[in-house]
Amino acid sequence: MRSALTLLLIGWGVLAQENWIQRTMTCGTHCSQGLHCNARPHFTLAPCKRSQALINSTVLHNLKVSTVMKCEKKQNCSLHLKVTATVQINELLRGVSVCTASPSMLEHCRVVTFPRKARERLAGQLVEVQDDCVIEVSPSQNVQVTLRTFPDYCDTTLSRTYRVQGCDNADLRSHVPSCITGKIAYAVDMDRREISVRVSDMLEDRNYHLRLCHRWDICSETEAYTLLRREDPFKNATLRFFSPLPCLCIEGWTSMVDAPRIQVCPFKNRTEELWSGVTFDSEKGALSWEPGCPVKAVITLCQREGESDCEDLANSTQTTGRKKVTYARVDPHPKLCMKFTTDAGSWIKCPFSDRNFLEWDLMMTEGQGQPQATLTSRIRTKLSLQVCQNGQPLECGEITSVTVEKMSPVPVNLTGDICQPDVCIRVRRADVQFSTHVLQCHLQCTRNRQYLCRADWLFVSAFTFVTLMIVAGLAGNITLTVYQKRQANRRHARYHQYEHTAGKS
């Protein structure tokens with residue numbers, strides 16, 4: 001663990017050293033040991049010399065190349081190569097030459113010379129030679145640096161390939177004109193479909209271009225464009241957009257030849273916006289989707305069941321990144337959807353979810369005491385009717401295929417086996433390549449309903465009869481009670497009348 005951490009720290013240190021750029025106001029040539037040396041341009045086509053005294057001898061060591069930045073103003077800096085090497089002084093050497101070459105330029109050489117008296121005095125000693133500004137270079141330029149003796153003795157050279165820092169370096173982005181892109185800040189108004197843009201740290205003496213574009217291999221332009229004038233105190237603009245696609249970017253660049261460009265994409269995380277471009281050609285029956293941005297996606301057709309489940313249709317998988325995806329001969333049913341799957345997840349779009357797209361349907365009816373499947377359609381089509389055993393998976397066998405004319409219902413008689421609780425009816429279009437199905441299970445057959453009605457009638461009749469018997473019994477009991485009370489009252493009245501008559505006599 002400790003060794004891994006050490007290597008990581010070393011890697012960070014090397015990276016920081018490569019990214020660090022030394023600043024300089026002036027360029028010069030310097031030699032150690034108090035040696036006064038001078039540099040001047042040098043060009044020669046003479047072949048190298050051979051010297052017996054320098055055979056198997058190493059006089060050049062530790063060639064190092066770095067970048068220095070020479071600045072006249074804050075935003076006007078140029079890049080140069082700084083070369084450092086160690087030389088073992090020899091009386092045969094009058095100095096060293098530094099040559100640079102790259103695919104974009106011819107070889108350029110400079111020679112650093114040593115005075116004769118100093119060569120005699122420092123013979124055999126090591127001297128460090130430093131040339132601050134060997135040549136002016138460009139960002140990201142690859143340069144071959146070769147160090148030779150002067151005069152040029154054979155087999156005494158050192159070489160190194162060096163790559164200049166690119167415009168991704170923070171120092172270059174702020175100080176080298178060819179790297180200055182400006183900084184873009186923005187605010188989005190979704191209601192108005194507008195982006196307010198503010199530009200800062202742009203080149204002070206140049207105009208600045210702003211536009212919206214769709215980023216593919218290149219950034220293809222839209223109609224939203226404006227030019228910020230260098231004399232304007234506020235570098236602000238408002239750009240209108242149509243759809244917040246993830247590849248819709250704000251692009252800005254300085255008004256100069258080969259100016260670098262900066263791109264900021266406000267909607268880069270709005271992947272769901274890509275799936276809105278589904279179209280349907282009703283004449284050809286073709287369902288299509290064309291990506292508004294480059295995206296690696298797997299597209300399938302599926303049948304929507306419920307809120308989240310969507311069962312894939314067989315042989316409907318396509319993979320794309322940029323090209324249009326088309327499904328020919330598609331049944332535009334409300335349950336037919338298109339599923340998009342990327343590394344970030346899956347999205348489902350159902351372009352026919354509106355019931356107005358329902359061109360055909362299945363209804364279960366009765367006819368002459370026998371179950372019937374009635375097929376209806378708003379177009380002329382061919383429908384396949386199947387009987388299925390409800391289970392996992394669903395086992396189906398085809399009954400018949402029926403051609404249904406426009407607005408002419410077609411009844412299909414079914415057998416009594418349909419009435420079983422584990423049997424379903426499935427219907428789908430047979431004249432297209434991709435279609436969904438309609439499934440109806442737990443069918444209510446005629447004889448079952450008659451039996452239920454007869455049972456209900458018997459139950460109601462029995463209940464009514466019992467109720468009437470109870471009411472009649474209660475009424476008879478009440479009548480008998482009233483009659484008995486009246487008879488008792490009459491006997492009691494005659495008894496008192498008899499007593500009164502007897503008293504008088």
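Residues take numbers from 1 onward in each chain, read along the sequence in its written order. Where local features are concerned, this predicted model is filtered to residues with pLDDT of at least 70; where side-chain atom pairs are given and counted, the filter is 80 or more; whole-chain, interface and lining totals use all residues. No hydrogens and no water enter the side-chain calculation; it runs on all heavy atoms of the structure.

1. Let's talk about the overall build of the protein
Secondary structure assignment for the protein yields 4 helices and 33 strands. We get accessible surface area from the Shrake-Rupley algorithm with a probe of 1.4 Å; when it comes to residues, only the shown protein chains can shield them. Carbon together with sulfur atoms contributes 51% to the accessible area of the protein, which is approximately 31000 Å² in total. Each helix is a run of H or I in the DSSP string that is no shorter than four residues. Each strand is a run of E no shorter than two, and both are numbered from the N terminus.

2. Here's the deal with the sheet that holds strand β16 (residues 236-240)
For two strands to be treated as a pair, DSSP must find at least two bridges joining them. Strand order across the open sheet formed by 3 strands is β12-β13-β16, with antiparallel pairing between neighbours. Of all the strands in the sheet, just β12 (183-189) and β16 have a single pairing partner and so form its edges. Put simply, the sheet's adjacent strands are angled 25° from each other on average, direction ignored. Bridging between strand β13 (residues 194-200) and β16 involves 5 bridges; their strand directions are antiparallel. Note that in β16 the partner of Glu194 across the bridge is Arg240. Angles here are taken between N-to-C directions and fall from 0 to 180 degrees, while the axes themselves are lines fitted to C-alpha atoms, restricted in helices to the stretch in contact.

3. Concerning empty space enclosed by the protein
Only protein atoms enter the calculation, which uses a 1 Å grid: trapped sets of points that fit a 1.4 Å probe without letting it out are cavities, open sets showing protein on both sides within 12 Å along at least five of seven lines are pockets, and any residue with an atom within 4 Å of a point is a lining residue. Grid points are joined across faces, edges and corners, and a volume is the space filled by probe spheres set on the points. Counted according to the given criterion, the structure contains 1 cavity of 30 Å³ or more. Space inside the largest cavity adds up to approximately 50 Å³. Lining the largest cavity are Val83, Thr84, Ala85, Val96, Val98, Val112, Val129, Gln130, Asp131 and Leu147. Listing elements by their share of the lining of the largest cavity, those giving two or more residues are β5 (76-88), β6 (95-102) and β8 (126-131).

4. What to know about the sheet that holds strand β18 (residues 261-264)
The antiparallel open sheet is built from 4 strands, whose spatial order is β15-β14-β17-β18. Where the open sheet ends on each side, the last strands, each with one partner, are β15 (219-228) and β18. On average, each strand axis in the sheet is tilted by 25° relative to the strand beside it, whichever way the strands run. Two elements, strand β14 (residues 208-215) and strand β17 (residues 248-254), share 7 bridges in a ladder whose sense is antiparallel. The partner of Arg211 across the bridge, within β17, is Glu251.

5. Considering the nonpolar core
In this structure, Cys31, Leu35, Met69, Leu81 and Phe114 are the most contacted members of the largest nonpolar core, which totals 39 residues. Going through the elements one at a time, β4 (60-73), β5, β6, β8 and β10 (142-150) are the ones with two or more residues in this core. Of all the elements, β5 adds the most residues to this core, at 6 residues. Counting 21 residues, the second largest nonpolar core, distinct from the first, contains Leu245, Leu274, Ala297 and Val330. To form a nonpolar core, buried Ala, Val, Leu, Ile, Met, Phe, Trp, Tyr and Cys residues must be joined to one another through side-chain atoms within 4.5 Å. The rule is simple: take the accessible area with a 1.4 Å probe, protein chains only, and divide by the maximum for that residue type; under 20% is buried, over 50% is exposed, in between is partly exposed.

6. Some remarks on the side chain of Asp131
Along the chain, Asp131 falls in strand β8. Residues adjacent in sequence count toward polar contacts only when both atoms are side-chain atoms; beyond that, a polar contact is any pair of N or O atoms within 3.5 Å, and within protein one must be able to donate a hydrogen and the other to accept it. Polar contacts involving the side chain of Asp131 include one to the side chain of Arg110, which spans 2.9 Å. We call two residues in contact when some of their heavy atoms are within 4.5 Å. Discounting chain neighbours no more than four positions away, the residues touching Asp131 are Gly28, Thr29, Ala39, Leu81, Lys82, Val83, Arg110 and Val112.

7. Quick word on the state of the cysteines
The disulfide criterion used throughout: a pair of cysteine sulfur atoms within 2.5 Å. Using the criterion set out here, one finds 13 disulfides in the structure. There is a disulfide in this structure between Cys302 and Cys310, and the S-S distance comes to 1.9 Å. Judged by the sign of its S-S torsion, about 85°, the bond between Cys302 and Cys310 is right-handed. Accessibility assignment for this pair places Cys302 and Cys310 in one class, buried. The side chain of Cys424 participates in a disulfide bridge whose partner is Cys441; the two sulfur atoms lie 1.9 Å from each other. With the S-S bond torsion at 110°, the cross-link from Cys424 to Cys441 turns out right-handed. Here Cys441 lies in strand β33 (residues 437-441) and Cys424 lies in strand β32 (residues 423-429), a separation of 17 residues in the sequence.

8. A closer look at unusual backbone geometry
For the peptide bond that leads from Phe150 to Pro151, omega is 0°, which places it in the cis range. Position of Pro151 among the secondary structure elements: in the loop between β10 and β11 (158-163).

9. Details of the confidence of the model for the protein
Confidence scores here are pLDDT values: one per residue, from the predictor, ranging 0 to 100. Per-residue confidence for the protein gives a mean pLDDT of 83; residues scoring 70 or more make up 83%. Contacts of residues 447-460 to residues separated by more than four positions or lying in other chains number 5 contacts, the stretch itself having pLDDT below 50. Within the model, the stretch residues 494-505 combines pLDDT values under 50 with 0 contacts to residues more than four positions away or in other chains.

10. Re the pattern of salt bridges
Between Lys or Arg on one side and Asp or Glu on the other, a salt bridge is scored when a side-chain nitrogen of the former is within 4 Å of a carboxyl oxygen of the latter. Overall, the coordinates contain 17 salt bridges when judged by the stated rule. In this structure, Lys183 and Asp201 form a salt bridge, with 3.3 Å as the shortest nitrogen-oxygen distance. In this pair, Lys183 sits in strand β12 while Asp201 sits in the loop between β13 and β14, placing the two residues 18 residues apart along the sequence. Asp201 sits in the partly exposed class, given a relative accessible area of 47%. Here Glu251 makes a salt bridge to Arg261, at a shortest N to O gap of 3.4 Å. With Glu251 in strand β17 and Arg261 in strand β18, this residue pair connects regions lying 10 residues apart in the sequence. Each of Arg211, Glu221, Glu251 and Arg261 takes part in salt bridges that share partners, so that together they form one network.

11. What to know about the environment of Asn236
Tracing the backbone shows Asn236 in strand β16. Sequence separation of Asn236 and Leu210 is 26 residues, and the distance between their C-alpha atoms is 9.9 Å. Apart from the residues within four sequence positions on either side, Asn236 is in contact with Val197, Arg198 and Leu228.

12. Some words on the environment of Cys265
Note on placement: Cys265 falls in the loop between β18 and β19 (278-281). In this structure, Cys265 is in contact with Arg215, Pro246, Leu248 and Cys249, ignoring residues within four places of it in sequence.

13. Some points on the environment of Trp275
With respect to the helices and strands, Trp275 occurs in the loop between β18 and β19. Placed 63 residues apart in sequence, Trp275 and Met338 show a C-alpha to C-alpha distance of 9.2 Å. Apart from residues lying up to four places away in sequence, Trp275 is in contact with Trp289, Val295, Ala297, Phe340, Thr342, Trp347 and Lys349.

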